[in-house]
Amino acid sequence: MGWLSALLGLGGKALEKILPDRARLQQQQMEINAETERTSGGRMTPRKLLMYLLAVAAGWELLLRPVATYWPDVLLPPSMGKELWLAVSAMFGMGF
């Protein structure tokens, strides 16, 4: 019976490597964010700057771009929605 529990334990470790626990990953991301905030002392850091830039870009894609398409004479740059959402999800630790 000992070999069965050892085999299941090994399988659990391999499964953990393949399919990590999302709740644990999000908890680790929250701890990293809290530590970053403590060490920065409220100053602007490159991470904060990137988060603000991603928020502005997401606002453009979600709010302003659909409104701007009502005027056909306005030339818009191509949408980078897919890349933007990948960056936003990675920034929040969801990593798709």
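Residues numbered from 1 in each chain as written. Predicted model: local features only at pLDDT ≥ 70, side-chain atom pairs only at ≥ 80, totals over all residues. Heavy atoms only, no water.

Engineer: Lay out the nonpolar core in plain terms, naming residues and giving numbers.
Structural biologist: Generally speaking, soluble globular proteins have nonpolar side chains that are buried together. Ranked by size, the top nonpolar core spans five residues in total: L54, A58, L84, V88 and M91. Of all the secondary structure elements, the ones that give two or more residues to this core are α3 (46–68) and α4 (81–91). Top element by residues in this core is α4. It accounts for three residues. Apart from the residues within four sequence positions on either side, M91 is in contact with Q29, R47, L50, M51 and L54. (Core = buried A, V, L, I, M, F, W, Y, C linked by side-chain atoms within 4.5 Å. Buried < 20%, exposed > 50% of the residue type's maximum accessible area, 1.4 Å probe, protein only. Helix = DSSP H or I, 4+ residues; strand = E, 2+ residues; numbered from the N terminus. Contact = heavy atoms within 4.5 Å.)

Engineer: Hey, could you go over α3 for me, with residue numbers and the actual values?
Structural biologist: Taken as a whole, α3 carries its principal kink of about 40 degrees at W60. When we look at burial in α3, the residues that qualify are K48, L54, A58, E61, R65 and A68. (Bend = angle between axes of the 7 residues up to and from the residue.)

Engineer: Can you tell me about the packing of α3 against α4, naming the residues and giving the values?
Structural biologist: The geometry of α3 relative to α4 is characterised by a closest axis approach of 10 Å and an angle of 140 degrees between their N-to-C directions. Here α4 runs oblique to α3, going by the angle between their axes. The interaxial crossing formed by α3 with α4 has left-handed handedness. Residues R47, L50, M51, L54, A57, A58, E61 and L62 of α3 form the contact with α4, whose own contacting residues are G81, L84, W85, A87, V88 and M91. Residue composition of the contact of α3 with α4, grouped by class: 11 nonpolar, one polar and two charged. (Axes fitted to C-alpha atoms, helices over the stretch in contact; angles between N-to-C directions. Parallel < 35°, antiparallel > 145°, perpendicular 65-115°, else oblique. Left-handed = near helix turned anticlockwise from the far one by under 90°. Nonpolar A, V, L, I, M, F, W, Y, C, P; charged D, E, K, R; others polar.)

Engineer: Go over the pattern of salt bridges with me, naming the residues and quoting the values.
Structural biologist: Summed over all chains, the structure comprises one salt bridge. Here E35 makes a salt bridge to R38, at a shortest N to O gap of 2.7 Å. Here R38 and E35 lie together in helix α2 (residues 22–40), a separation of three residues that amounts to about one turn. (Salt bridge = Lys/Arg side-chain N within 4 Å of Asp/Glu carboxyl O.)

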